[in-house]
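Structural overview for review
Here are the chains, one letter per residue:
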Amino acid sequence: MRRTLTTIWHTRGLARYLLLAGVLLTAAFVVLAVFAPWIAPYDFAQNSTEAGERLPKLAPPSGTHWLGTNDQFYDIWSRVVWGARTALQVVLLSVLLSALVGVPLGLASGFTGGWLDRVLVFLMDALYSFPSLLLAIVFSFLLRSAVGGGVLAAALALTAVYIPQYFRVVRNTTVSAREATYVEAARALGARPFTIMRKYLFGNVVQSVPVIGTLNAADALGTLAALGFLGLGIQPTEAAEWGYDLSRALDDTSAGVWWPALFPGLAIILLITALTLVGEGLNETLNPALRRRRLQQVSFAPLSREGGAR
Amino acid sequence: MSAPVDPDVVLQAEDLRVWYGTERGPVRAVDEVDFTLRRGEILGLVGESGCGKSTLGRGLLGLLPEGAARDGVLRFQGRDMLGLSRREQNRLRGNELGMIFQEPLTRLNPLMRISEHFSETLRVHEKGISKDEVERRSLEALRVMGIPPTRFRAYPHEFSGGMRQRLMIALTLVLRPSFVVADEPTTALDVLVEAQIIRILHDLRDTFDTSLLLITHNLGIVAEACDRVAVMYAGKIVEIGEAAEVFRHPQHPYTRELLRSTISLSTTGLNFIEGAPPDLTTPPPGCRFHPRCPDAMAVCATREPSALDMPGGSRAACWAAAARHDLLTLDAEESAPLEREELSVADEA
Amino acid sequence: MPTKPETALVAEARDLSVHYQLQGGALSRLLGVGARRVKAVDGVTVELRRGEVLGVVGESGSGKTTLGRALLGLAPATGGSLTYHPSRGGTQEITSLKGADLRRLRTDVQMVFQDPSAALNPSMTIEEGIGHPLVIHKIASGDELHRRVVAALERVGLSPVERFLSKYPSDLSGGQKQRAVIARAIILEPEVLVADEPVSMLDMSVRAKILQLMLDLKNDLGLTYLYITHDLASAKYFCDRVAIMYLGRIVEIGPTEEIFAHPRHPYTQALLKAIPEPDPDRMVPRDLPRGEIPDAARPPLGCSFHPRCPVATPVCGWESRDLRALLEQHWVRDADVDYEAERSVVGDLDDLDRPQRTARLAGRDVAAVRDVLDRVRAEDPDEPLWGGVRRVGEHGGRLEVEFVEGVDPPLRAAGGVQVACVRYGEDAEWPDEGS
């Protein structure tokens, strides 16, 4: 881990700037999400001031409402800030959960082989071949009755969608790592299969997981917004969600009311870009196939002129 | 320095340097190397790994990774190689210069029949060659390598390891190059097959009139297959001469210790060289072998020895050898035994 | 403890076989046909005596590594028995050990691998990696663990220890890594060490050092070695006894001095002749065995070595594939032979690929085929294959070559060693004039 961080720290060139830009942008969203109650002037579902005065409907951006208000009398700046919190909660939860399920499953499947492997690979491939949005819609329908339409339901629906990705990558690296001499050596030491998986395989096969994680996070964010846009995601009463806001605002754009659609849309794009930058930056840095060392130009010193044998 | 026009000299290197650029500065993998290779001669190149053998071999052919650079003089049949453009170099490779690698399977396209490999190689380098000519030349090259014509249309995976290496050699030689670099061509093979391949390489000059640079870590192979041998240490050729002479009377302590540490059938005690080859970004001053040398003197740590002709005909760069043969005189201070630091396992290769 | 080093057995294989089922290509798997059996180890009987170094020498594909892995229970035996006799008494049948018992065996029998760069877990520090066997077997933890790791590292010469404890394998040189692998193997205080080509991937300047270390460890710790190698030169120096393996069988076994002074099996002789020696007066021998080690899934009939053997006899097991090889060799040998013409006369050779004692050539013009064979014979009348021909005749419009029924010689005592060759032993099928 320490080495990975050192590698990241010492990255140069384009990869470094990609990573830096991504991290800074993501950090900005994290700040919004964490300090939402202090940053946002209003609650996410607050359409009147504390004094009980109703907020204006579809007011253009101004000094009192920086980004304007929307058709539900909500302050758009507040909705964007609270939306960041929702988005990061869902994405973080789903990425963690799918890695938590996918990684051990892939490890066990790849190491054990046999029928368990075949069944799991078949199942995961089947899941993987579905369009992710379609799958997310199905799962959110199924989950709505069980856990409601909140952050958890959305996260779980996305989790199911992304498990196969972790499974596939970890399983495939495990299958090749299983043949490595150090795994044979672990067996020769008398290690139990579980120990081999935990101590010998895990550390060597999870290296690609952070990269998939960040790239998935970007993808998950898009899917979440799409669900919200279709009205199948987080219910408006549960939390502020950019996709939902965007879909509501769409009708008004033809009337020249651009601000309720622009700002949630911009937030979606910015956060997806930020996460993708982090993912690609990590990939460039950590993937040895992509990593290009920066070479110093060779300049020859003058001959020592005593020479070797001729 | 003007080139001596000797039609028998195929390759001539003077003060040749091949350095790699890294994050820590240049690696002096080949540093001021001089040698000549005559027509039909087999020159063995030996040394520990990390001494620049492979870099020298690839550097001669211009097969270098990004960030590497060559300097000095390198003449191939009288032509200056370092001044050639990339395109001219490419044209020369294959036609005039060939390379045989350690692991042949990675160099063969698994989806192409052997016959297709040959026709592609021949067509690329000899435009307008006829189909019959391709087949005749290919079968002849295979025959010399002991591969029966019945296997001409087989795929690479249908061949055993030794056969694949013969195939690679046949593919290299079908173009009749004047100079071939073979980089550890038998390391991946079994003893008996290795001996077969050495036999073939040894017989090459009779059939193809090809000069060969044979890079190996196995001194036995050099003794059996090569006319001359060059011993490389830390980017320098420290000794070069007739193989028989070098093996019988090694002049440089490194050659001697290398021979002593080789485990052969006549081994009666285990010997080894302490320490490891140096990091070639910052090679030691003076003679690069002095930190490991059992004969090191005070002068060795400060001044680099120049290569001198030894009475037996070989050439070595060693203060002690030169002094032993009265080629130069050292004063008492210079020839005092060098106070060496203890070498521990921490520095081992 | 009573010391009877000559008789004390540590391990013993009786007619041990390790066969693998090979999976064919996609089509054959689908159809369930063409599954091939590779006899990696095929009926090996060998004893390992306490305190000795037994060398197992052979080319790749000879089954030497499988034999070593079988001793740790890593390669499942498919036949015969393999017993282990711990010094504390008792007997364990390795082939029937399972689960926890099998894992416990590995506190007694340990292994050193060929490639030190691959044998250490890249994500463990040296301290973790070397100490892990003790953790696995719950032998030590905490300070005790640290103390024993330090002791093991010092024992193998990785000192000053502090410089290595927190390093990762990739920070070490080849020789240092192999020392670490050896430290990990001895930390469990085993009785037997299987060393699978422990120096072949190392630079020659450190090979001798690692071998010396292993000899020192053997003497200090009372170890027994099974030294697996393809390198006869190091075996000569390192081993007390040597077993030469070829295609899953032991073809010659005996005391090192005797094997090297008087190699009997033609394969042993060939191996010795083929080792490149750094001796300027020696040249590459010309009479080397031809070809390569055959496919273990389709071994030759009779003696496995006969197709390559320069001194094969008529009873060595000649068969159709040898005839094909001979024809191909004939086409390679001489540039003037009209390959195209002869090939069309003898016809398709693929029928000869099925191992049969009677080879039937596909060419329809029997007289012409006979002519080709006569020419081949005239080219090299001393070729051992011809001695094995019983009859050349016509059958169903094709030329048939019938060979003498071959024998598969067992290991037999001959002058202090055991050899599996028809030329040697009490009831040798084809006694050597010289023996």
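See the structure shown above.
None of the values given here were measured: they were computed from a predicted structure.

A closer look at the overall build of chain B
A count of helical and extended segments in chain B gives ten helices and twelve strands. Its C-alpha radius of gyration of 22 Å places chain B within 12% of the 20 Å reference for a compact globule of 349 residues. For chain B, the spread of C-alpha atoms along the principal axes amounts to about 75 × 50 × 40 Å. Relative to its full complement of 349 residues, chain B shows a buried share of 53%. Nonlocal contacts in chain B, meaning residues at least 24 apart in sequence, comprise 68% of its contacts between residues at least 6 apart.

Topic: the environment of Gly146 of chain B
Note that Gly146 of chain B resides in the loop between α4 (131–144) and α5 (161–173). Since 20 C-beta atoms lie within 10 Å of it, Gly146 of chain B is described here as buried. Separated by 100 residues in sequence, Gly146 of chain B and Val46 of chain B place their C-alpha atoms 28 Å apart. Among residues more than four places away in sequence, those in contact with Gly146 of chain B are Arg166 of chain B together with Val332 of chain C.

Some points on the sheet that holds strand β6 (residues 109–112) of chain C
Residue and element names in this part refer to chain C. If you walk across this open sheet you meet the eight strands as β6-β7-β8-β3-β9-β10-β15-β14, and the pairing is mixed. The sheet is open, and its two borders are formed by β6 and β14 (412–414), each paired with just one other strand. Sheet twist, expressed as the mean angle between neighbouring strand axes with direction ignored, is 20 degrees. Sheet analysis places β14 next to strand β15 (residues 417–419), joined by three bridges and oriented antiparallel. Bridging from a neighbouring strand, Ala414 pairs with Val417 of β15. Sheet strands touched by helix α8 (residues 174–186): β6 and β7 (192–196). Its angle to β6, the strand with the most contacts, is close to 175 degrees.

Description of the interface of chain B and chain C
Contacts between chain B and chain C engage 46 residues on the former and 46 residues on the latter. For the side of chain B that touches chain C, the element with the most residues is helix α6 (residues 191–208) of chain B, which contributes eight residues. Partitioned by chemical class, the residues of the side of chain B that touches chain C number 24 nonpolar, 15 polar and seven charged.

Observations concerning the nonpolar core
The biggest cluster of nonpolar side chains holds 314 residues, and the ones touching the most others in it are Leu221 of chain A together with Leu226 of chain C. Contact partners of Leu221 of chain A, with chain neighbours within four places excluded, come to Ala87, Val91, Ile268, Leu271, Ile272 and Leu275 of chain A.

Observations regarding the sheet that holds strand β7 (residues 179–183) of chain B
Pairing between the strands of a sheet comes from backbone hydrogen bonds, and it takes one of two forms, parallel or antiparallel. Residues and elements named next belong to chain B. With respect to topology, eight strands assemble into an open sheet ordered β6-β7-β8-β3-β9-β10-β12-β11, the strand pairing being mixed. Lying at the two open borders of the sheet, with one neighbouring strand each, are β6 (97–100) and β11 (308–309). Here strand β9 (residues 228–233) runs beside strand β10 (residues 236–242); their pairing, made up of six bridges, is antiparallel. From the neighbouring strand, Tyr233 faces β10, where its bridge partner is Lys236. Along the sheet, α5 contacts β6 and β7; its crossing angle with β6, the most-contacted strand, is approximately 175 degrees.

The rules behind the values
Residues numbered from 1 in each chain as written. Chains lettered and ligands numbered in written order. Predicted model: local features only at pLDDT ≥ 70, side-chain atom pairs only at ≥ 80, totals over all residues. Helix = DSSP H or I, 4+ residues; strand = E, 2+ residues; numbered from the N terminus. Rg over C-alpha atoms; globule rule 2.2 N^0.38 Å. Buried ≥ 20, exposed ≤ 12 C-beta atoms within 10 Å, placed from the backbone. Contact = placed C-beta atoms within 7 Å. Pairing = 2+ DSSP bridges. Axes fitted to C-alpha atoms, helices over the stretch in contact; angles between N-to-C directions. Nonpolar A, V, L, I, M, F, W, Y, C, P; charged D, E, K, R; others polar. Core = buried A, V, L, I, M, F, W, Y, C linked by C-beta atoms within 7 Å.

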